[in-house]
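Letter by letter, the chains look like this.
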Amino acid sequence: MNLVKTKVTVWTLAWDNERGTDCSVFGSEKECDAYFSDIIERDVTDIQTPEATAIRELLRSGEIGEAYALWQATYKNELDTYNWGPQDVVVEIRAR
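Residues numbered from 1 in each chain as written. Predicted model: local features only at pLDDT ≥ 70, side-chain atom pairs only at ≥ 80, totals over all residues. Heavy atoms only, no water.

### With respect to the pattern of salt bridges
For clarity, the cut-off: We define a salt bridge as a contact between a side-chain nitrogen of Lys or Arg and a carboxyl oxygen of Asp or Glu at a distance within 4 Å. Buried, partly exposed and exposed residues are distinguished by accessible area as a fraction of the type maximum, computed with a 1.4 Å probe on protein chains only: under 20%, between the cut-offs, and over 50%, respectively.
Under the defined criterion, the tally for this structure stands at two salt bridges. Two residues, Arg19 and Glu18, come together in a salt bridge whose shortest N-O distance is 3.9 Å. Using a relative accessible area of 65% as the deciding quantity, one classes Arg19 as exposed. Glu18 sits in the exposed class, given a relative accessible area of 63%.

### Some thoughts on the side chain of Thr12
Heads up, the rule is: Here a helix means four or more residues in a row that DSSP labels H or I, a strand means two or more in a row labelled E, and each is numbered from the N terminus. Whether two residues are in contact is decided by their heavy atoms: any pair within 4.5 Å suffices.
Relative to the helices and strands, Thr12 resides in strand β1 (residues 2-17). Setting aside chain neighbours within four positions, we find Thr12 in contact with Cys23, Ser24, Val25, Cys32, Asn83, Trp84, Gly85 and Gln87.

### Focus: the environment of Asp38
You can see Asp38 is positioned in helix α1 (residues 29-44). Counting along the chain gives 21 residues from Asp38 to Leu59, while the straight-line C-alpha distance between them is 9.0 Å.

### As for the environment of Ser37
By secondary structure assignment, the location of Ser37 is in helix α1. The class for Ser37 is buried, based on a relative accessible area of 14%. When the C-alpha atoms of Ser37 and Ile55 are compared, they prove to be 9.8 Å apart, with 18 residues separating the residues in sequence. If sequence neighbours within four positions are ignored, Ser37 has contacts with Leu59 and Ile64.

### A few points about the side chain of Lys76
The test is simple: The convention is simple: Lys and Arg are positive, Asp and Glu are negative, and His and the chain ends are not counted.
Relative to the elements of secondary structure, Lys76 occurs in the loop between α3 (64-74) and β3 (81-95). The buried charged residue Lys76 lacks any salt bridge partner; its closest oppositely charged side chain belongs to Asp80, at an N-O distance of 5.9 Å. When near neighbours in sequence (up to four residues on either side) are disregarded, Lys76 contacts Tyr68, Trp71 and Tyr82.

### Some thoughts on the packing of aromatic side chains
How we decide: To pair, rings of Phe, Tyr and Trp, with the six-membered ring standing in for Trp, must have centres within 6.5 Å; the planes then decide the type, stacked if under 30 degrees apart, edge-to-face if over 60, and tilted in the middle.
Applying the stated criterion to the full structure yields nine aromatic pairs. A ring pair is formed by Phe36 and Trp71, whose centres lie 6.4 Å apart and whose planes are at 85°; its orientation type is edge-to-face. Taken together, the residues Phe36 in helix α1 and Trp71 in helix α3 connect sequence positions 35 residues apart. Between Tyr68 and Trp84 the ring centres are 4.9 Å apart and the planes differ by 75°, which places this aromatic pair in the edge-to-face class. With Tyr68 in helix α3 and Trp84 in strand β3, this pair connects stretches of sequence that are 16 residues apart. Accessibility expressed as a relative area gives 11% for Tyr68, which makes it buried. Given the relative accessible area of 34%, Trp84 is considered partly exposed.

### Some details on the packing of α1 against α3
Under the convention used in this document: Orientation is described by axes fitted as lines to C-alpha atoms, over the contacting stretch for helices, and by angles from 0 to 180 degrees between their N-to-C directions. Any angle from 65 to 115 degrees is called roughly perpendicular, while one under 35 is roughly parallel, one over 145 is roughly antiparallel, and all others are oblique. The handedness criterion is simple: a crossing whose near helix is rotated anticlockwise from the far helix by less than a right angle is left-handed, and one whose near helix is rotated clockwise is right-handed. Each residue is assigned to one of three groups, with Ala, Val, Leu, Ile, Met, Phe, Trp, Tyr, Cys and Pro labelled nonpolar, Asp, Glu, Lys and Arg labelled charged, and all others, Gly among them, labelled polar.
Running from N to C, α1 and α3 cross one another at 30°; their axes reach a closest spacing of 11 Å. On the basis of their axis angle, the class for α1 and α3 is roughly parallel. Here the hand of the crossing between α1 and α3 comes out left-handed. Facing Asp33, Phe36, Ser37, Ile40, Asp43 and Val44 of α1, the residues of α3 in contact are Ile64, Tyr68 and Trp71. Per-class residue counts for the contact of α1 with α3 are six nonpolar, one polar and two charged.

Pasting the structure below:
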């Protein structure tokens, strides 16, 4: 049995907020963005201001970075931190 090393890219989202510190790993950027979009969307779901509406519109159009920036400037707890991005990981796969 041969072990083959290969590099894969995963996407991570780490946070430290009032609910605790954690990290999630995703197999694609799309999955990571969808998860983070849900966090932001839930935070502004009951808010009816022009800023909250703009955040929801940015999320719907897939502009997660811009939505995050506006959310951070207007609604995100200033003590909460979020970090996300791609990570290269070397894995060993059993070759047959």
